[in-house]
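Here are the chains, one letter per residue:
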Amino acid sequence: MKKSYRIYQVDSFTRERFTGNPAGVVANADGLSDSMMLKIARELNNSETAFLFPGSEGEYDVHVRFFTPRCEVPICGHATIAAHYVRALERGMASGVVIQKTGAGILPVEIRSEDGDYTITMTQGEVEVGEPLPLPVQMEIIEALGIPEEKLRRDCPIAIASTGHSKVMIGITELNLLHSLKPDLAKLTEISSRTGCNGYYVFTLHPEEATLVHGRMFAPAIGIAEDPVTGNANGPLGAYFVTYGLFGKNKEEFSFEAVQGEAIGRMGKISVTVAIKGGKPVKVKITGKAVTVFSTEMEL
């Protein structure tokens, strides 16, 4: 017996179509095998596609799985925004909290209904910020990215941070350099095999402006040459800021905005809030808007 699956293309961290970060969403994925989900993700060819499964009463409202064109990943920021945006639209939801099960744990998602549209806030997974990477590995990374050593920010150690899906954080001094990077993707993939971290987030800081961060994220090891706007980079970056004392160290909460995707013509904006206890980051939330580009049905 064939089943009709509802499939959406959604741009996250924007209200303008063809900007921000595109994600696929399969709104009724129950019945799909792992291999078929991977085929659908590969066919849609977004950095991630979210697959929504029924919840478990008393435990969680919805189970969301995430696939790149190459593999399953535990969680994804922009695809979470897209998935819950679609779910809210289909159900005509009021503002409230949804509990989702993901590969990074069971986590709350806040739905805010405003002017007939929705803004989504996701609580990310466990916060982990590592020590600076060994110097030889740091040098390999910046060489593969095409960053001269003198353009590194000295107050930003090259280290891995995670809220469920880790990224290497690399702070640099010049926005023009950020936009001109042409990384060696094969070399980054090889380094990922040794560090166990598949993504590299390069950023500049602009504390005198409303938007604190401009960034670019490369994750070729999981089939993403460059991701336009990345929740799983900007969220951990907030935790990294607090851990290394750049921002928020003596506060109970630190919030900032980041812009990403400018270099590839898909600019989007993300808001990050870090809860702080005893000078350490304990919880990270990211907030974004979204817009549906198209929807269709597929019989399988």
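Everything discussed here concerns the structure shown above.
Along each chain, the written sequence defines residue order, and numbers are assigned to residues from 1. In keeping with the predicted nature of the model, local features appear solely for residues at pLDDT of at least 70, side-chain atom pairs appear and are counted solely at 80 or more, and the whole-chain, interface and lining totals rest on all residues. For side-chain calculations, the full set of non-hydrogen atoms in the structure is used, while hydrogens and water are omitted.

Trainee: How would you explain the overall build of the protein if you had to name every residue and give the values?
Mentor: Here a helix means four or more residues in a row that DSSP labels H or I, a strand means two or more in a row labelled E, and each is numbered from the N terminus. Tallying secondary structure elements over the protein gives six helices and 17 strands in all. The C-alpha radius of gyration computed for the protein amounts to 18 Å, which stays within 12% of the reference 19 Å derived for 300 residues, consistent with globular compactness. Taken across its 300 residues, the protein has 56% of its residues classed as buried. Once local pairs closer than 6 in sequence are excluded, the contacts in the protein between residues at least 24 apart make up 64%. With the model as given, the accessible surface of the protein reaches about 12700 Å², and the carbon-plus-sulfur share is 49%. Put simply, the radius of gyration uses C-alpha atoms, and a globule should come to 2.2 Å times the residue count raised to 0.38. Under the scheme applied here, a residue whose accessible area is under 20% of the maximum for its type counts as buried, over 50% as exposed, and between as partly exposed, the area being computed with a 1.4 Å probe on protein chains only. Two residues form a contact once any of their heavy atoms are found within 4.5 Å. Areas reported here follow the Shrake-Rupley algorithm with a probe of radius 1.4 Å; residue values treat only the protein chains shown as occluding.

Trainee: Give a detailed account of helix α3 (residues 135-145), specifying residues and quantitative values.
Mentor: Burial in α3 covers these residues: Val137, Gln138, Ile141, Ile142, Ala144 and Leu145. Around the axis of α3, the buried residues are gathered within 160° of arc, so they sit on the same side. What points out from α3, more than 90 degrees from its buried face, is the exposed set Leu135, Pro136 and Glu143. Summarising the contacts, the buried residues of α3 are in contact with β9 (128-132), β11 (167-171), α5 (185-195), β12 (200-205) and β13 (213-219). Two residues or fewer after α3 comes glycine 146, characterised by a positive phi angle close to 80°. Directions from the helix axis toward the C-beta atoms define the arc.

Trainee: Any chance you could break down the nonpolar core for me, citing the residues and the numbers?
Mentor: By nonpolar core is meant a set of buried Ala, Val, Leu, Ile, Met, Phe, Trp, Tyr and Cys residues that side-chain atoms within 4.5 Å join together. With 62 residues, the main nonpolar core has Phe203, Leu205, Val213, Tyr240 and Phe241 as its most contacted residues. For this core, the element with the highest residue contribution is helix α2 (residues 77-91), accounting for seven residues. If we ignore the near neighbours within four places in the chain, the residues touching leucine 205 are Arg153, Cys156, Leu212, Val213, Phe241, Leu246 and Phe247. Within the second largest apolar cluster, 22 residues are counted, among which are Leu152, Ile158, Ile172 and Leu188.

Trainee: Kindly report on unusual backbone geometry, identifying the contributing residues and their values.
Mentor: What is expected of a backbone is that most residues other than glycine have negative phi and most peptide bonds are trans. Here the phi dihedral of phenylalanine 13 falls at roughly 65°; this positive angle occurs in a residue that is not glycine. Residue position: phenylalanine 13 is located in the loop between β1 (4-12) and β2 (21-26). With phi around 55°, aspartate 115 is a residue other than glycine that occupies positive phi space. Note that aspartate 115 resides in the loop between β7 (105-114) and β8 (117-123).

Trainee: I'd like a description of the side chain of threonine 102, backed by residues and values.
Mentor: Its place among the elements puts threonine 102 in strand β6 (residues 96-102). Reaching out from threonine 102, the side chain makes a polar contact with the backbone nitrogen of alanine 104 at a distance of 3.0 Å. The contacts of threonine 102, once residues within four sequence positions are left out, are Val64, Phe66, Pro74, Ile75 and Leu107. Any N or O atom pair separated by 3.5 Å or less is treated as a polar contact, with the protein-specific requirement of one donor-capable and one acceptor-capable atom, and with residues adjacent in sequence counted only for side-chain atom pairs.

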